[in-house]
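# Results of the structural survey
Chain residues, written in single-letter form:
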Amino acid sequence: MTGEPFQDGEYFYTLLFHEKEGLRREDLSEAAWKARDNSREPFSFWRSKFEPPPPPSPEPLGKQTAEDLLRQYMQEGDSQHASARYILALMLERKRLLKQVEARTGDSGERILIYEHVKTGEVFVVPEPELHLDQIEKVQMEVSSLLMPN
């Protein structure tokens, strides 16, 4: 809103709004947060401290990472990959690449986990697939086989 880039160590607010096309994200400085129009309530919001991302390290070619696979499945949006998306998000949270910023209940009663990528600030909205204990091992094995080098 201010047009100014965030500075290292500065606090800012991330807001998510439900729109026809899906979720829309806004990042606001503290000043913009205080001056914002309060007539529209966001679906979700949180406060973060800005840390510039480190320069990307070169990745070995041909190896698909859990992050790459999660991004691919998020773009596809295919319901058959819902369990894999969930497991991948948990794996990346455990590796501290994703940080869960909120858990919400959606309009149809499903639990929705909202993650923020700690380096890039990207938002990942992952519906929880309600896996049973006997299903988790199968999904973990599927994900592991996808991440194995060919």
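The present account deals with the structure reproduced in this document.

## Describing the sheet that holds strand S2 (residues 22-29)
- Ordered by their spatial adjacency, 3 strands build an open sheet running S2-S1-S3, and the pairing between neighbours is antiparallel. The sheet is open, and its two edges are formed by S2 and strand S3 (44-49), each paired on a single side. Put simply, the sheet's adjacent strands are angled 20° from each other on average, direction ignored.
- Note: strand S1 (residues 11-19) against S3, 6 bridges, orientation antiparallel. Note on S3: the bridge partner recorded for Thr-14 is Trp-46.

## A short note on the packing of helix H2 (residues 66-76) against helix H3 (residues 82-94)
- Taken N-terminus to C-terminus, the directions of H2 and H3 make an angle of 145°; their axes are 9 Å apart at the nearest point. Crossing of H2 against H3: the hand is left-handed. On the side of H2, the interface is formed by Ala-66, Glu-67, Leu-69, Leu-70, Tyr-73 and Met-74, while H3 contributes Ala-84, Arg-85, Leu-88, Ala-89, Met-91 and Leu-92.
- Split by residue class, the contact of H2 with H3 holds 10 nonpolar, no polar and 2 charged.

## Thoughts on the packing of aromatic side chains
- What the rule picks out here adds up to 5 aromatic pairs.
- An angle of 50° between the planes, with centres 5.9 Å apart, marks the rings of Phe-6 and Phe-50 as tilted. On the criterion of sequence distance, the pair formed by Phe-6 in the segment before S1 and Phe-50 in the loop between S3 and H2 is long-range, its members being 44 residues apart.
- Residue classification places Phe-6 among the partly exposed positions, given a relative accessible area of 23%.
- Exposure remark for Phe-50: the relative accessible area of 21% places this residue in the partly exposed category.

## Focus on the environment of Gln-140
- With respect to the helices and strands, the residue Gln-140 is situated in helix H4 (residues 133-147).
- For Gln-140 and Ser-48, which are 92 residues apart along the polypeptide, the C-alpha to C-alpha distance reads 31 Å.

## A closer look at the side chain of Ser-44
- Relative to the assigned elements, Ser-44 resides in strand S3.
- Since its relative accessible area comes to 0%, Ser-44 is described here as buried.
- Beyond its immediate sequence surroundings of up to four residues, Ser-44 is in contact with Thr-14, Leu-15, Leu-16, Glu-102, Arg-104 and Ile-114.

## Points about unusual backbone geometry
- A positive phi is found at Arg-96, a non-glycine position, where the angle reads about 65°.
- Take Arg-96: its relative accessible area is 70%, and that puts it in the exposed class.
- Here Glu-130, not a glycine, exhibits a phi torsion of approximately 55°, which is positive.
- A relative accessible area of 58% places Glu-130 in the exposed class.

## Structural notes on the packing of H3 against H4
- Contact geometry for H3 and H4: axes closest at 10 Å, N-to-C directions at 75°. One finds that H3 runs roughly perpendicular with respect to H4. Of H4, the residues touching H3 (which contributes Ser-83, Ala-84, Ile-87, Leu-88 and Met-91) are Ile-136, Val-139, Gln-140, Val-143 and Leu-147.
- By residue class, the composition of the contact of H3 with H4 is 8 nonpolar, 2 polar and no charged.

Calculation notes
Residues numbered from 1 in each chain as written. Predicted model: local features only at pLDDT ≥ 70, side-chain atom pairs only at ≥ 80, totals over all residues. Heavy atoms only, no water. Pairing = 2+ DSSP bridges. Helix = DSSP H or I, 4+ residues; strand = E, 2+ residues; numbered from the N terminus. Axes fitted to C-alpha atoms, helices over the stretch in contact; angles between N-to-C directions. Left-handed = near helix turned anticlockwise from the far one by under 90°. Contact = heavy atoms within 4.5 Å. Nonpolar A, V, L, I, M, F, W, Y, C, P; charged D, E, K, R; others polar. Phe/Tyr/Trp six-rings, centres within 6.5 Å; stacked < 30°, edge-to-face > 60°. Buried < 20%, exposed > 50% of the residue type's maximum accessible area, 1.4 Å probe, protein only. Parallel < 35°, antiparallel > 145°, perpendicular 65-115°, else oblique.

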